[in-house]
Amino acid sequence: MGAARRGGLAVRALIVGEGPDLEHCRLLVQELKIEPHVTFTGFVPDAMRFLAAMDVVAVPSLKESLPLTAMEAMVRGRTVIASAVGDLPRLIEDGRTGLLVPPSDVQALRAAIERLAADPAERQRLGEEGRAAAVARHAAPAMARAIEDLYDGLTGGSPV
């Protein structure tokens, strides 16, 4: 983020929640002297209420089985940058519904953030396409259809 700000991009970071790396993150923010541009919320019972304040949601997971944060962000039209681990590549089509970066690749994550900070039109397009894809696959009506299809498959289409 420091490099992006030095490059003239007015980026800010909102770090929601807690975790085992929180203290390391706080120390890194101090070391990089970017404290005025980073907000830590600490634990919050409903982290998703912060989505309205975000243009981009970064999910730099090292492993991910159910990418709930990414799904919720996409349904709300927020552009997601995520590590290409676990089920995230099944949720996000790189360059169409969000951006995928290699896990643990800080340079790739930074480049993706800078790319979207510098290009609001692309950020909006990815957010809109991500929302459409997430709603089509994961909203209640889509999930109900999937369950119906599953039952039809199990029962051969005949009523139980």
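Counting restarts for each chain, with residues numbered from 1 along the sequence as it is written. The predicted nature of this model means local features are confined to residues of pLDDT at least 70 and side-chain atom pairs, given and counted, to a pLDDT of 80 or more, with totals for whole chains, interfaces and linings taken over all residues. Side-chain calculation: all heavy atoms of the structure are included, whereas hydrogens and water are not.

Chemist: Looking at this model, I keep getting lost on the overall build of the protein. Mind explaining?
Modeler: Secondary structure counts use DSSP, requiring at least four H or I residues in a row for a helix and at least two E residues in a row for a strand, with both numbered from the N terminus. Of the regular secondary structure elements, the protein holds seven helices and five strands. What you see in the protein, going N to C, is helices and strands ordered as α-β-α-β-β-α-β-α-β-α-α-α. Referenced to the eigenvectors of the C-alpha coordinate spread, the extents of the protein come out at roughly 65 × 35 × 25 Å. When accessible area is computed with a 1.4 Å probe and restricted to protein chains, residues below 20% of their type maximum are described as buried, those above 50% as exposed, and intermediate ones as partly exposed. Considering the protein as a whole, with its 160 residues, one finds that 30% of them fall into the buried category. Note on contacts: a residue pair qualifies if any of its non-hydrogen atoms lie within 4.5 Å across the two residues. Within the protein, contacts between residues at least 6 apart in sequence are counted, and of these 52% link residues at least 24 apart. Method for areas: the Shrake-Rupley scheme with a 1.4 Å probe, in which residue coverage is limited to the protein chains shown. With an accessible surface of roughly 9900 Å², the protein has 56% of that area assigned to carbon and sulfur atoms.

Chemist: How do you make sense of the environment of Arg 78 when you look at a structure like this?
Modeler: Considering the arrangement of structural elements, one finds Arg 78 in the loop between helix H3 (68-75) and strand S4 (79-83). For Arg 78, a relative accessible area of 22% translates into the label partly exposed. Here the alpha-carbon distance between Arg 78 and Glu 148, two residues 70 residues apart in the chain, equals 29 Å. Throughout this description, a polar contact denotes any pair of N or O atoms lying within 3.5 Å of each other; where both atoms belong to protein, one of them has to be capable of donating a hydrogen while the other can accept it, and for residues adjacent in sequence the pair is counted only when both atoms sit in side chains. Engagement of the side chain of Arg 78 in a polar contact is seen with the backbone oxygen of Met 54, the distance being 2.8 Å.

Chemist: What's the story with the side chain of Glu 122 in this structure? I'm lost.
Modeler: Mapped onto the fold, Glu 122 is located in helix H6 (residues 120-138). Apart from residues no more than four positions distant in its own chain, Glu 122 is found in contact with Arg 115 and Leu 116.

Chemist: Looking at this structure, how should I read unusual backbone geometry?
Modeler: For residues other than glycine, phi is negative in most cases, and the peptide bonds are mostly trans. Here the phi dihedral of Lys 33 falls at roughly 60 degrees; this positive angle occurs in a residue that is not glycine. If you check the backbone angles, Ser 104 has positive phi at about 65 degrees while not being a glycine. With respect to the helices and strands, Ser 104 occurs in the loop between strand S5 (99-101) and helix H5 (106-118). Assessed through its relative accessible area of 59%, Ser 104 is described here as exposed.

Chemist: What am I meant to see in the confidence of the model for the protein here?
Modeler: Predicted coordinates in regions of low pLDDT should not be interpreted in detail. Think of pLDDT as the predictor's per-residue confidence, scored from 0 to 100. With 96% of its residues at a pLDDT of 70 or more, the protein has an overall mean of 89. Across the protein, S5 holds the top mean pLDDT of 98, while helix H1 (residues 2-6) sits lowest at 69.

Chemist: So what exactly am I meant to see when it comes to the pairing of strand S2 (residues 38-42) here?
Modeler: Looking along a regular strand, one sees side chains alternate from face to face of the sheet. The alternating pattern of S2 places Val 38, Phe 40 and Gly 42 on a buried face and Thr 39 and Thr 41 on a face that is not buried. Strand direction decides the pairing type here: strand S1 (residues 13-16) and S2, joined by four bridges, are parallel. In the strand pairing of S2, Val 16 is matched with Gly 42. Handedness of a crossover is defined as follows: orient the strands so they point away from the viewer, and if the path from the first strand over the helix to the second runs clockwise, the crossover is right-handed. As a crossover connection, the stretch from S1 through helix H2 (residues 22-31) into S2 is right-handed. Whether two strands pair depends on DSSP finding at least two bridges between them.

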